[in-house]
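# What the coordinates show
Now for the letters of each chain:
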Amino acid sequence: MNRHLIDKLADGGELTRQELARLITDDSREISAYLAERANAAREQIYGRQVFIRGLIEFTNYCRNDCYYCGIRRSNDAVSRYRLTEGQILDCCRQGYDLGFRTFVLQGGEDPYWTDERTCQVVSAIRQSYPDCAITLSMGERNRESYQKLFDAGADRYLLRHETADSEHYSRLHPAELSLAHRLSCLQALKEIGFQTGCGFMVGSPYQTIDHLVEDLCLIREFRPQMVGIGPFLPAANTPFEREPAGSSELTIKLLSIVRLLHPRVLLPATTALGTAEHDGRERGILAGANVIMPNLSPLEVREKYLLYDGKIATGDEAAESIRHLTASMKKIGYEIVTARGDYLV
């Protein structure tokens, strides 16, 4: 039994790579349940039973990159492309603020249209209109000067998933012009500038091994991001990986617990991908140590166009209009959705 490894981790001890691998590969229900129990205790000690909601605004599905797993990759001609205007983005924020959201997450592909000037203008407008709200950006790789401008314009947080911490594995998921080294340099720049910085990885992506997952956990342990986003790999149509099997939601939930114990103060979402893979995935994620959910504030007519993977939730509890249902589902498992900004607690 590996309960002693969980206790060691929960008590602040550092597991070796071999011990982390043992914990990941132990698929007994007892171990998963005990992991979740200790992860919940760690989360509640810092954040209580509060679940922070972020209003997700998917503002463009244009992307210059051709990542092999992504449904909005540039070579996917089947995608119906769109860009929201500044006015539409502000309308989403207005609706979200009235619903109680105090964090807005602008997420999009690496769209050359969204220059520093255009993006800073939108960020400044949101900051001026909603000074009590946090602004999170998820726009991929940019240079340090660009990140600094976005920060100076009023952005607080930046999400940039590293996807995998192994450079060879990274090269098997991305075209040659993208590299793990550059991705990590972007993450370092973001943190140095002062962003609350988020990284993250896919679980069960093609060619992934247990050693790769261990590397991901070690990266999180060393980098100490303020946010970590992980979810199961889900195949997308018209991509090189469209026929690959989906990642395991069970393993994803277990890894959420491990991440919570590795880094107790982290802001940890129960992701849309997890909610897509399992009808109760987000609830199970919260019960495993997560404390963030990101409902969709995007206009209804574009939600089904931002398809990073097949079957993505676009209506129901993922829609901001159904926030009451989401509140009820969290209350049912003993948690409370709150309207605070939900900043990382140092």
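As a reminder, the structure under discussion sits directly above these lines.
Residues numbered from 1 in each chain as written. Predicted model: local features only at pLDDT ≥ 70, side-chain atom pairs only at ≥ 80, totals over all residues. Heavy atoms only, no water.

### Looking at the overall build of the chain
We apply this condition: For helices the rule is a DSSP run of H or I covering at least 4 residues; for strands it is a run of E covering at least 2, with both sets numbered from the N terminus onward. Computation of the radius of gyration draws on C-alpha atoms, with the globule rule given as 2.2 Å multiplied by the number of residues to the power 0.38. Partly exposed residues are those whose accessible area sits between 20% and 50% of the maximum for their type, while under 20% is buried and over 50% is exposed, using a 1.4 Å probe and protein chains only. In what follows, a contact means two residues having at least one pair of non-hydrogen atoms within 4.5 Å. Each accessible area is a Shrake-Rupley estimate made with a 1.4 Å probe; only the visible protein chains count as cover when residues are assessed. A residue counts as positive if it is Lys or Arg and as negative if it is Asp or Glu; His and the chain ends are not included. The location of each charge is read from NZ of Lys, CZ of Arg, CG of Asp or CD of Glu.
Along the chain, the regular secondary structure elements total 14 helices and nine strands. In terms of overall size, the chain behaves like a compact globule, its C-alpha atoms giving a radius of gyration of 19 Å where 346 residues would be expected to give roughly 20 Å. Put simply, the chain has 346 residues, and 59% of those count as buried. Long-range contacts, defined here as pairs at least 24 residues apart, represent 75% of the contacts in the chain between residues at least 6 apart. Entry remark: accessible area of the chain is about 14,000 Å², with carbon and sulfur atoms responsible for 48%. One finds the centroid of the 41 positive side-chain charges in the chain at a distance of 3 Å from the centroid of its 47 negative side-chain charges.

### Notes on the pattern of salt bridges
Going by this rule: By salt bridge we mean one thing: a side-chain nitrogen of Lys or Arg within 4 Å of a carboxyl oxygen of Asp or Glu.
Applying the stated criterion across every chain, the model contains 23 salt bridges. A salt bridge links Glu110 to Arg64; its shortest N-O distance comes to 2.9 Å. Of this pair, Glu110 sits in the loop between strand E3 (103-108) and helix H5 (116-129) while Arg64 sits in the loop between strand E2 (55-60) and helix H4 (86-99), placing them 46 residues apart in sequence. Overall, Arg64 belongs to the partly exposed group, its relative accessible area being 44%. A salt bridge links Asp111 to Arg83; the shortest N-O distance between them is 2.6 Å. In this pair, Asp111 is assigned in the loop between E3 and H5 and Arg83 in the loop between E2 and H4, connecting sequence segments 28 residues apart. The class for Asp111 is buried, based on a relative accessible area of 5%. Take Arg83: its relative accessible area is 34%, and that puts it in the partly exposed class.

### Some thoughts on the packing of aromatic side chains
The line we're drawing: Ring pairs shown here join Phe, Tyr and Trp side chains whose ring centres sit within 6.5 Å, with only the six-membered ring taken for Trp; geometry is labelled stacked below 30 degrees between planes, edge-to-face above 60, and tilted in between. Comment: the charge-over-ring label is applied if NZ (Lys) or CZ (Arg) is within 6 Å of the ring centre and within 35 degrees of the ring normal.
Summed over all chains, the structure comprises ten aromatic pairs. Geometrically, the ring pair formed by Phe59 and Trp114 is edge-to-face, given 5.2 Å between the ring centres and 85° between the ring planes. Remark: Trp114 occurs in the loop between E3 and H5 and Phe59 occurs in strand E2; sequence separation between them is 55 residues. The burial state of Phe59 is the same as that of Trp114; both residues are buried. With a centroid separation of 5.9 Å and an interplanar angle of 75°, the aromatic rings of Tyr158 and Phe195 are classed as edge-to-face. Separated by 37 residues along the polypeptide, Tyr158 in strand E5 (residues 157-159) and Phe195 in the loop between helix H8 (180-193) and strand E6 (196-203) bring together distant segments of the chain. Phe195 sits in the buried class, given a relative accessible area of 1%. A network of ring pairs unites the aromatic residues Tyr147, Phe151, Tyr158 and Phe195 as a single cluster. Above the face of the Tyr34 ring, Arg3 is positioned so that its terminal group lies 3.7 Å from the ring centre. The ring of Tyr62 is capped by Arg83, whose NZ or CZ atom sits 3.9 Å from the centre of that ring.

### Here's the deal with helix H3 (residues 29-47)
Owing to its 3.6 residues per turn, the α-helix aligns residues three or four sequence positions apart on the same side. Here is the rule we go by: Multiplying one less than the number of residues by 1.5 Å gives the expected span of a helix.
The end-to-end C-alpha separation of H3 is 26 Å, in line with the 27 Å expected for 19 residues at 1.5 Å each. Three or more residues of H3 are buried, namely Ile31, Tyr34, Leu35, Ala36, Ala39, Asn40, Ala42, Arg43 and Tyr47. Next to the buried residues of H3 lie helix H1 (3-10), helix H2 (17-25), strand E1 (50-53), helix H10 (249-262) and helix H12 (281-287). Just downstream of H3, Gly48 is the residue with a positive phi angle, here 65°.

### Points about the sheet that holds E2
Basically, it comes down to this: Paired strands are those between which DSSP finds at least two bridges. Helix axes are fitted to C-alpha atoms over the stretch in contact, other axes to C-alpha atoms as well, and angles between N-to-C directions run from 0 to 180 degrees.
The sheet built from six strands is open, its strands ordered E2-E3-E4-E5-E6-E7 with parallel pairing. Whereas interior strands pair on both sides, the edge strands pair on one side only; in this sheet they are E2 and strand E7 (227-232). Each neighbouring strand pair of the sheet contributes to a mean axis angle of 20°, computed without reference to strand direction. Here five bridges tie E3 to strand E4 (residues 134-138), and the two strands are oriented parallel to one another. Bridging across to E4, Val105 finds its partner in Thr136. Sheet strands touched by H10: E6 and E7. Its angle to E7, the strand with the most contacts, is close to 165°.

### Quick word on the sheet that holds strand E8 (residues 292-293)
Strand order across the open sheet formed by three strands is E8-E1-E9, with parallel pairing between neighbours. Strand pairing shows two members of the sheet lacking a second neighbour, E8 and strand E9 (336-338), which therefore form its edges. As paired strands, E1 and E8 are joined by two bridges and run parallel to one another. Each residue of the ladder has a partner; that of Phe52, found in E8, is Val292. Running over the sheet, helix H14 (residues 323-332) touches E1, E8 and E9 and is turned about 135° from E9.

### Some details on the state of the cysteines
Put simply, the rule is: Note that a disulfide, as used here, is simply two cysteine sulfur atoms within 2.5 Å.
Applying the stated rule across the entire model yields zero disulfides. Here Cys63 is not cross-linked by a disulfide; its sulfur's nearest cysteine counterpart is in Cys70, at 6.3 Å. In this structure Cys63 comes out as buried when scored by relative accessible area, which is 17%.

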